[in-house]
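Fold and contact review
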Amino acid sequence: PFDTVLIHGLVRDAQGRKMSKSLGNGIDPLEIIDKYGADALRFALATGNSPGNDMRFSDEKIEAARNFANKLWNASRFVLMNLTEDDEALLGLPEEKDMAIEDKWILSKFNALVANVTAALDKFEVGVALSAIYDFVWDIYCDWYIELTKARLFSDDADRKSTAISVLVYV
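How each quantity is defined
Residues numbered from 1 in each chain as written. Predicted model: local features only at pLDDT ≥ 70, side-chain atom pairs only at ≥ 80, totals over all residues. Heavy atoms only, no water. Core = buried A, V, L, I, M, F, W, Y, C linked by side-chain atoms within 4.5 Å. Buried < 20%, exposed > 50% of the residue type's maximum accessible area, 1.4 Å probe, protein only. Helix = DSSP H or I, 4+ residues; strand = E, 2+ residues; numbered from the N terminus. Contact = heavy atoms within 4.5 Å. Phe/Tyr/Trp six-rings, centres within 6.5 Å; stacked < 30°, edge-to-face > 60°. Lys NZ or Arg CZ within 6 Å of the ring centre and 35° of its normal. Salt bridge = Lys/Arg side-chain N within 4 Å of Asp/Glu carboxyl O. Axes fitted to C-alpha atoms, helices over the stretch in contact; angles between N-to-C directions. Parallel < 35°, antiparallel > 145°, perpendicular 65-115°, else oblique. Left-handed = near helix turned anticlockwise from the far one by under 90°.

1. Topic: the nonpolar core
Ranked by internal contacts, the top residues of the largest apolar core, which has 35 residues, are Ile-62, Ile-106, Phe-136, Tyr-141, Ile-146 and Leu-168. For this core, the elements supplying multiple residues, two or more each, are helix H1 (29-36), helix H2 (38-46), helix H3 (59-81), helix H4 (101-122), helix H5 (126-153) and helix H6 (158-170). Leaving out residues up to four positions away in the same chain, Ile-146 has contacts with Ala-75, Phe-78, Tyr-141 and Leu-168.

Right, dumping it as structure tokens:
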């Protein structure tokens, strides 16, 4: 009855063996969720995997996924704590002439990310899409762009601050 079906591989243990009760190498998803969180488990199972291939389960993958969720949380918290109630940053981007070079840079990287993720998802390459998102958020948005905007966010120039906030929120 389905016109589209995604076939995925097995989740195997760290040694590459099929998980089973008789081998005693299975995991209890509820224990993993209690320890690392549901989002970390979902992200770890979907990342770094190509369609139809088996993947190895490891605590290191779950920890990395949890760290990524924490990175997203901290980036969101940083952006939200710099918003004010009368901030119009959520209304869209400022004009290009008002943007700093780092604003134009992050927007070009973001637009490339959107194109790459869309293309990957159209081909059902969820792992490729998530890897691209991970790399963008961790390496480009958090490690570079947020750091580059801090000087403007803490300056007295309201226009520069507003532009930085607008781009932070948009991305």
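2. Some remarks on the packing of aromatic side chains
Summed over the entire model, instances satisfying the criterion amount to eight aromatic pairs. Ring centres of Phe-43 and Phe-68 lie 4.9 Å apart, and the angle between their planes is 25 degrees; on these two criteria the pair is classed as stacked. Taken together, the residues Phe-43 in helix H2 and Phe-68 in helix H3 connect sequence positions 25 residues apart. In this structure Phe-68 comes out as buried when scored by relative accessible area, which is 4%. Taking the centre distance of 5.8 Å and the plane angle of 70 degrees together, the rings of Phe-110 and Tyr-170 count as edge-to-face. On the criterion of sequence distance, the pair formed by Phe-110 in helix H4 and Tyr-170 in helix H6 is long-range, its members being 60 residues apart. We classify Phe-110 as buried; its relative accessible area is 16%. Tyr-170 gets classed as partly exposed once you look at its relative accessible area, which sits at 42%. Taken together, the ring pairs connect Phe-110, Phe-136, Tyr-141, Tyr-145 and Tyr-170 into an aromatic cluster. The positively charged end of Lys-71 is found above the aromatic ring belonging to Trp-138, 4.7 Å away from the centroid.

3. Examining the side chain of Thr-163
Considering the arrangement of structural elements, one finds Thr-163 in helix H6. On the basis of relative accessible area, Thr-163 is assigned to the buried category, the value being 7%. Apart from residues no more than four positions distant in its own chain, Thr-163 is found in contact with Pro-94, Asp-98, Met-99, Asp-103 and Arg-152.

4. Topic: the pattern of salt bridges
Working definition: two side chains of opposite charge can pair if their charged atoms are close together. The tally for this structure, following the rule as stated, stands at eight salt bridges. Between Asp-54 and Arg-12 there is a salt bridge, with its nearest N and O atoms 2.7 Å apart. With Asp-54 in the loop between H2 and strand E2 (55-56) and Arg-12 in strand E1 (residues 11-12), this pair connects stretches of sequence that are 42 residues apart. Relative accessible area serves as the criterion here: at 36%, Asp-54 is assigned to the partly exposed category. Between Arg-17 and Asp-13 there is a salt bridge, with the nearest N and O atoms lying 2.8 Å from each other.

5. With respect to the packing of H5 against H6
Packing of H5 against H6 brings their axes to within 9 Å, and their N-to-C directions diverge by 160 degrees. Here H6 runs roughly antiparallel to H5, going by the angle between their axes. For the element pair H5 and H6, the recorded crossing hand is left-handed. Residue-level contacts link Tyr-141, Tyr-145, Ile-146, Thr-149, Arg-152 and Leu-153 of H5 to Arg-160, Lys-161, Thr-163, Ala-164, Ile-165, Val-167 and Leu-168 of H6.

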